[in-house]
Amino acid sequence: YIGAGCGDDPLMARACLLLREHVMPGDSVHRIAEELGMPYETFRRRFTRAIGIAPRTYQIRERMDRARLLLRDHSVKETAAILGYADPFFFSRQFRQHTGASPSHYRK
């Protein structure tokens, strides 16, 4: 996983920026591909080749990074709501899947 540095390709650097900015559950990787002027499959392949992970995975990791910060000052339920999750249990499952710890355990 490459954090802020998204390679030498300016288009993929822009893609990383957009994926970091659009981390709400309703934000579509397909829309980002359109914004960059390419079909989704082309974007997915190019991003994965340049960055090493799929754009959706990158987006979820960015969301979980934001969740870690929010959990310092907010409950699990509040964090889920701030990030746009309608279901805090889904948020908890996704957080555990990507971090290896439950959000409540992470808060401690």
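Residues numbered from 1 in each chain as written. Predicted model: local features only at pLDDT ≥ 70, side-chain atom pairs only at ≥ 80, totals over all residues. Heavy atoms only, no water.

**Some words on the overall build of the protein chain**
Here is the rule we go by: Note on conventions: DSSP H or I runs of at least 4 residues are helices, E runs of at least 2 residues are strands, and numbering of each starts at the N terminus. Only protein chains enter the area calculation, which uses a 1.4 Å probe; residues under 20% of their type maximum are buried, those over 50% are exposed, and those in between are partly exposed. The contact definition used throughout considers only heavy atoms, calling two residues in contact when any of these lie within 4.5 Å. To measure how exposed things are, a 1.4 Å probe is used in the Shrake-Rupley method; for residues, cover is taken only from the protein chains shown.
Helices and strands together make up the secondary structure of the protein chain, namely seven helices and zero strands. Start at the N end of the protein chain and walk to the C end: the helices and strands fall as α-α-α-α-α-α-α. Counting only residues that meet the buried cut, the protein chain has 36% of its 108 residues in that class. In the protein chain, the proportion of contacts linking residues at least 24 apart, taken out of those at least 6 apart, comes to 54%. Roughly 6,200 Å² of accessible area belongs to the protein chain as shown, and the carbon and sulfur atoms make up 51% of that amount.

**Looking at the packing of aromatic side chains**
Rules: The pairing test for Phe, Tyr and Trp rings, Trp by its six-membered ring, is centres within 6.5 Å, and the orientation test on the planes gives stacked under 30 degrees, edge-to-face over 60, and tilted for anything in between.
Here the structure, examined in full by the defined rule, presents six aromatic pairs. Measuring from ring centre to ring centre gives 5.7 Å for F95 and Y106, while their planes differ by 70°; the resulting arrangement is edge-to-face. With F95 in helix α6 (residues 88-99) and Y106 in helix α7 (residues 103-107), this pair connects stretches of sequence that are eleven residues apart. Of the residues examined, Y106 reaches a relative accessible area of 34% and is grouped as partly exposed.

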